[in-house]
2 protein chains.
Amino acid sequence: MELSERKRKILQAIVDDYVSTAEPVGSRSIAKKHDLGLSSATIRNEMADLEELGYLEQPHTSAGRVPSQLGYRLYVDQLMNRYKLTVAEIQNIQYAMELKIKELNELIQHVSSVISRLTQYTTIVSTPQLKKSSIKYLQLVPIDSKSALLVIITNAGIVKNRTIKISEGVNVEFLSKLTAILNDKLAGLTIEQINLQKIQEIKKEMISNEEMLMPILEHISDTITDIDSGEIYLGGATNIFNFPEYNDIEKAKEFFSFVEEKKNLYKLLNNFQNHYLKSNNTINISIGKENEFSEIQDCSLVTSTYSLGGKIVGMIGIIGPTRMEYAKTVSSLEYLTKQFNQMLLKWLSEGNSD
Amino acid sequence: MELSERKRKILQAIVDDYVSTAEPVGSRSIAKKHDLGLSSATIRNEMADLEELGYLEQPHTSAGRVPSQLGYRLYVDQLMNRYKLTVAEIQNIQYAMELKIKELNELIQHVSSVISRLTQYTTIVSTPQLKKSSIKYLQLVPIDSKSALLVIITNAGIVKNRTIKISEGVNVEFLSKLTAILNDKLAGLTIEQINLQKIQEIKKEMISNEEMLMPILEHISDTITDIDSGEIYLGGATNIFNFPEYNDIEKAKEFFSFVEEKKNLYKLLNNFQNHYLKSNNTINISIGKENEFSEIQDCSLVTSTYSLGGKIVGMIGIIGPTRMEYAKTVSSLEYLTKQFNQMLLKWLSEGNSD
DNA sequence: TTTTAGCACTCATTAGATTAGAGTGCTAAC
DNA sequence: GTTAGCACTCTAATCTAATGAGTGCTAAAA
């Protein structure tokens, strides 16, 4: 059943009020503040209906109403007005984003902290995932008798590297020969296509020195497989204290325990990344219990993605209470994501890369 | 004035009790629990003296006594019994420390999380600072027309690298020539000895191509200067919720806001690092207002250092309420630091390095 | 038929009052 | 010098009453 226009107006008013006050909203205050031309009694009747339909909830009989999860969902999907960032806000964002940065992870961390400062919510940002990136070039750089540096350059321009152990006695010549063969065999492949088996094909080309080759190949395979370490940066977690719903120590503890564990955040973002691959929204909103983690089921999560070379490689997420300023958050995140994508591209094109 | 043995016993008893209960300690409970052979009235008199001397405080007239900062200091310096880790605890530590780790930062992060789990306090660990390390070897690896990878290997075996921009048109030959000269000039110097001026001496050796050399040298100088990025990992911040003194939202917020800012932690640890350079304690304890940050002046900080090549390169700190199990914390940290130093050495000697 | 005024009712929150209890300080006896 | 005893203090817990925001229902008005 479609809601009447009047019910929709009233629901919208309730959500708007509740978001800004955090107090259950009563019929009288709606009648007063919003010019609906209705008496409180009428609104009261409509509210009773909306509650019956599942869009509102009552903390206790003599309190006002609070939007239910369903209510927020309807609000987000159909009712909320698009928020247009003010010039001042845009300037603020642009100003905050400016910063000389040397390393990619620093850039990501900075973006995370900027977003949480601007939105006053908690932010999580993942570093670029390279599984889908292809290898442009790789090189083994000798370090000492026991180790070498494996440098991997992806098509998007990101450079990753890690030291690997080599058998003693492997010489420079051997490494450069191996480098050439590795490039021949692996360049163009995506990270996720590379596994030990693939790498072992190289054995054939380097028939000699098998006993020192194998352990190196294993190390290279391992390294490539997990070089895509997928870190996550958290910003502004303490912002949660600004919301009265987290004035309860137990709730605050639950929240912090959840976000302290990077594994949780990783899973959380990953769930949504899949979502973007299917739909082609730029922004996704997950309200309350719509996400699987019980610890943050009083929270909503607004996410977006960023890309390199046309492929989604990372995510940005904003976590706040379900009573969140959805419209403003969405607009801010949209703009911030666009800015970030540009920054990233510019940064990589300037010759930075890891 | 020296405290009488009896006063010392009583103070010790009070600190011990308060640490375990978090409740002000009364004369009667001391008389009962601790076998001092004294009546509560006598203890009461002694406690009044101890308060007058500044070792105890009274939250209000009809409450028991609580150790003052001075009281904790005396306790820590003179009264507390050395705690000997049990076999089970040692096994627990050894078991927790075991983990296959690929990157140095992961190792540090892991140690931080282990320590906070074992002690139930909050832990901060700094990554190795390389200012005092000397350069064993460096190399420029060409990446593409606009960038190269500068690889720096320190005497302790730690490898750092970062991409730097190069002028277009710089060829491989140029880079390898530059690499040779850089090594000739810089190998053996410590990171902090290197500055732009030092690097510019290289100009003389490479008279040609000055216009493309200068920007590269600047980049190299910048990179070396700030490669010692000094990250800090935080573990178990939510443990603070387990202490009744942090059941107050305002206090919890203050604490989290402080530890969320890496800059604060960096400063905090740095202050103490200087301390270790002067004295040669292995463990340092800072109680309450003894540290400069007002946000954590109800906390105590137990720190230790770790070294590479005989030089202190990093710090481990444990933050808890001033009402902390000092003896046990000190013993645990001592043991954990020793273990960590060993792990680090073993890890580097196995050919890992960044 | 829809809207609204009016009123009785509910229930969380707050303030005030009372009580219980832990602990002290002091005095006088040991 | 030590201790028993007691009056006194102050917090924390419990209870009570008052307040008031908000509802649901009914009957009148539109």
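About the thresholds
Residues numbered from 1 in each chain as written. Chains lettered and ligands numbered in written order. Predicted model: local features only at pLDDT ≥ 70, side-chain atom pairs only at ≥ 80, totals over all residues. Heavy atoms only, no water. Pairing = 2+ DSSP bridges. Helix = DSSP H or I, 4+ residues; strand = E, 2+ residues; numbered from the N terminus. Near = heavy atom within 4 Å. Polar contact = N/O pair within 3.5 Å; in protein donor to acceptor, adjacent residues only side chain to side chain. Nonpolar A, V, L, I, M, F, W, Y, C, P; charged D, E, K, R; others polar. Core = buried A, V, L, I, M, F, W, Y, C linked by side-chain atoms within 4.5 Å. Buried < 20%, exposed > 50% of the residue type's maximum accessible area, 1.4 Å probe, protein only. Contact = heavy atoms within 4.5 Å. Domains from an automatic or database assignment. Axes fitted to C-alpha atoms, helices over the stretch in contact; angles between N-to-C directions. Parallel < 35°, antiparallel > 145°, perpendicular 65-115°, else oblique. Left-handed = near helix turned anticlockwise from the far one by under 90°. Buried area = accessible area lost by both parts, 1.4 Å probe. Salt bridge = Lys/Arg side-chain N within 4 Å of Asp/Glu carboxyl O. Least-squares fit on C-alpha atoms with pLDDT ≥ 70 in both. Expected span 1.5 Å × (residues − 1). Phe/Tyr/Trp six-rings, centres within 6.5 Å; stacked < 30°, edge-to-face > 60°.

J.: Please provide a residue-by-residue account of the pairing of strand 4 (residues 135-142) of chain B, values included.
T.: All names here are of chain B. The sheet contact formed by strand 4 and strand 5 (residues 147-154) spans seven bridges and is antiparallel. Counterpart to Tyr137 in the pairing with strand 5 is Ile153. Linking strand 4 back to strand 5 in an antiparallel pair, the connection comprises four residues.

J.: Explain the protein's contact with DNA strand D to me, using residue names and the numbers behind them.
T.: Looking at DNA strand D, there are 21 residues lining it, with A:Ser27, B:Arg6, B:Thr42, B:Thr61 and B:Ser62 nearest. Among the atoms of DNA strand D lying within 4 Å of the protein, the sugar-phosphate backbone contributes 75%. Between a phosphate oxygen of DNA strand D and a side-chain N or O atom of A:Ser27, the distance comes to 2.7 Å. One nitrogen or oxygen atom from the side chain of A:Arg44 is found 3.2 Å from a base nitrogen belonging to DNA strand D. Only helix 3 (40-52) of chain A together with helix 3 (40-52) of chain B provide two or more residues apiece to the surface near DNA strand D. Per-element accounting of the surface near DNA strand D gives the leading share, four residues, to helix 3 of chain B. Residues that form the surface near DNA strand D fall into these classes: four nonpolar, 13 polar and four charged.

J.: Can you tell me about the nonpolar core, naming the residues and giving the values?
T.: Counting residues in each nonpolar core, the largest one holds 221 residues, and the members touching the most others are A:Leu178, A:Ile220, A:Ile224, B:Leu178, B:Ile220 and B:Ile224. With eleven residues, helix 12 (residues 326-349) of chain B is the single largest residue contributor to this core. With residues near it in sequence (within four places) discarded, B:Ile224 still touches B:Leu138, B:Leu150, B:Ile152, B:Leu186, B:Ile191, B:Ile194 and B:Ile199. The next biggest cluster of nonpolar side chains, apart from the first, holds twelve residues, and it includes B:Val141, B:Ile143, B:Ile153 and B:Val159.

J.: I'd like to hear about helix 4 (residues 69-79) of chain B, residue by residue, with values.
T.: For helix 4 of chain B, the full list of buried residues reads B:Gly71, B:Tyr72, B:Arg73, B:Leu74, B:Tyr75, B:Val76 and B:Leu79. For helix 4 of chain B, the secondary structure elements touched by its buried residues are helix 1 (5-21), strand 2 (66-67), strand 8 (283-287) and helix 12 of chain B.

J.: So what's going on with the domain arrangement of chain A? Residues and values would help.
T.: One can read the domain layout of chain A as domain 1 (5-79), domain 2 (87-129 + 231-349) and domain 3 (135-226). Spacing between the C-alpha centres of domain 2 of chain A and domain 3 of chain A amounts to 35 Å.

J.: Help me get a handle on the packing of helix 5 (residues 87-97) of chain B against helix 6 (residues 104-119) of chain B, residues and values and all.
T.: Residue and element names in this part refer to chain B. At their nearest, the axes of helix 5 and helix 6 sit 10 Å apart, and the two run at 150 degrees to each other. Between helix 5 and helix 6, the crossing angle belongs to the class labelled roughly antiparallel. Pair helix 5 / helix 6 crosses with right-handed handedness. Together, Asn92, Ile93, Ala96 and Met97 of helix 5 and His110, Val111, Val114, Arg117 and Leu118 of helix 6 make up the contact between the two elements. Counted by class, the contact of helix 5 with helix 6 contains six nonpolar, two polar and one charged residues.

J.: Describe the interface of chain B and chain A, listing the residues and the values that go with them.
T.: If you look at the interface, chain B gives 41 residues, while chain A gives 42 residues. Roughly 3,400 Å² of surface becomes buried between chain B and chain A when both sides are summed, with 51% attributable to carbon and sulfur atoms. Counting the surface chain B buries against chain A, the share from its top three residues, B:Arg162, B:Phe241 and B:Ile249, is 16%. At the boundary of chain B and chain A, one finds two salt bridges.

J.: Describe the relation of the copies chain B and chain A, listing the residues and the values that go with them.
T.: One copy of the chain maps onto the second through a rotation around an axis plus a translation along that axis. In the superposition of chain B on chain A (RMSD 0.1 Å, axial shift 0.0 Å), the rotation amounts to 180 degrees. Taken together, the rotation angle and the small translation identify this as a two-fold axis. Closest to the rotation axis within chain B is the C-alpha of B:Ile249, separated from it by 3.2 Å. Mapped onto chain A, 100% of the interface residues of chain B again fall at the interface, so both copies present the same surface.

J.: I'd like to hear about the protein's contact with DNA strand C, residue by residue, with values.
T.: Near DNA strand C there are 21 residues, and of these A:Arg6, A:Thr42, A:Thr61, A:Ser62 and B:Ser27 occur at the shortest range. Backbone sugar and phosphate groups make up 77% of those atoms of DNA strand C lying within 4 Å of the protein. In the environment of DNA strand C, a base oxygen lies 3.1 Å from a nitrogen or oxygen atom belonging to the side chain of A:Arg44. Interatomic distance of 3.5 Å between a backbone N/O atom of B:Ala63 and a sugar or linking oxygen of DNA strand C. Those elements giving two or more residues to the surface near DNA strand C turn out to be helix 3 of chain A together with helix 3 of chain B.

J.: Mind laying out helix 1 of chain B, listing which residues take part and the relevant values?
T.: Residue and element names in this part refer to chain B. The first and last C-alpha atoms of helix 1 sit 24 Å apart over 17 residues, in line with the 24 Å expected at 1.5 Å per residue. If you check which residues of helix 1 are buried, you get Lys7, Arg8, Ile10, Leu11, Gln12, Ala13, Ile14, Val15, Asp17, Tyr18 and Val19. In the segment just after helix 1, Ala22 is the residue with positive phi, at about 65 degrees.

J.: Describe the sheet that holds strand 4 of chain B, listing the residues and the values that go with them.
T.: All names here are of chain B. Within the open sheet, the three strands sit side by side as 4-5-6. Their pairing is antiparallel. Each edge of the open sheet is held by one strand with a lone partner, namely strand 4 and strand 6 (159-165). Going across the sheet, the axis of each strand differs from the next one's by a mean of 20 degrees, ignoring polarity. As paired elements, strand 5 and strand 6 share seven bridges and run antiparallel to each other. The residue of strand 6 that forms the bridge with Ile152 is Lys160. Relative to the sheet, helix 7 (residues 172-186) contacts strand 4 and strand 5, its axis offset from that of strand 4 by approximately 170 degrees.

J.: So what's going on with the pattern of salt bridges? Residues and values would help.
T.: All names here are of chain B. Considering all chains together, one arrives at 30 salt bridges over all chains under this definition. A salt bridge links Arg6 to Glu46, with the nearest nitrogen and oxygen atoms 2.7 Å apart. One end of the pair, Arg6, is in helix 1; the other, Glu46, is in helix 3, with 40 residues separating them in the sequence. For Glu46, a relative accessible area of 6% corresponds to the buried category. One salt bridge connects Lys33 with Asp17, and the closest N-O pair in it is separated by 3.5 Å. Remark: Asp17 occurs in helix 1 and Lys33 occurs in helix 2 (residues 27-33); sequence separation between them is 16 residues. On the basis of relative accessibility, which here comes to 57%, the residue Lys33 falls in the exposed class.

J.: Any chance you could break down the sheet that holds strand 6 (residues 159-165) of chain A for me, citing the residues and the numbers?
T.: Residue and element names in this part refer to chain A. The strand order across the open sheet formed by three strands is 4-5-6, and the pairing between neighbours is antiparallel. The open sheet terminates on both sides in strands that have one partner only, identified here as strand 4 (135-142) and strand 6. The sheet shows a mean angle of 20 degrees between the axes of neighbouring strands, direction not considered.

J.: Give me the lowdown on the side chain of A:Thr322, citing residues and values where you can.
T.: Residue and element names in this part refer to chain A. Mapped onto the elements of the fold, Thr322 is located in the loop between strand 10 (311-321) and helix 13 (326-349). Overall, Thr322 belongs to the buried group, its relative accessible area being 18%. Residues in contact with Thr322, not counting those within four places in the same chain, are Tyr72, Ile287, Gly288, Asp298, Cys299 and Ser300.

J.: Describe in detail the packing of aromatic side chains, supporting the description with residues and values.
T.: Residue and element names in this part refer to chain A. Under the criterion given, the structure shown has 17 aromatic pairs over all chains. With a centroid separation of 5.5 Å and 15 degrees between ring planes, the pair formed by Tyr121 and Phe243 is classed as stacked. Of this pair, Tyr121 sits in the loop between helix 6 (104-119) and strand 3 (122-126) while Phe243 is found in the loop between strand 7 (232-235) and helix 11 (249-260), placing the two residues 122 residues apart along the sequence. Residue classification places Tyr121 among the buried positions, given a relative accessible area of 6%. For the ring pair Phe255 and Phe256, a centre distance of 5.8 Å and an interplane angle of 90 degrees mean the geometry is edge-to-face. Taken individually, Phe255 and Phe256 each receive the classification buried, so the pair is uniform in this respect.

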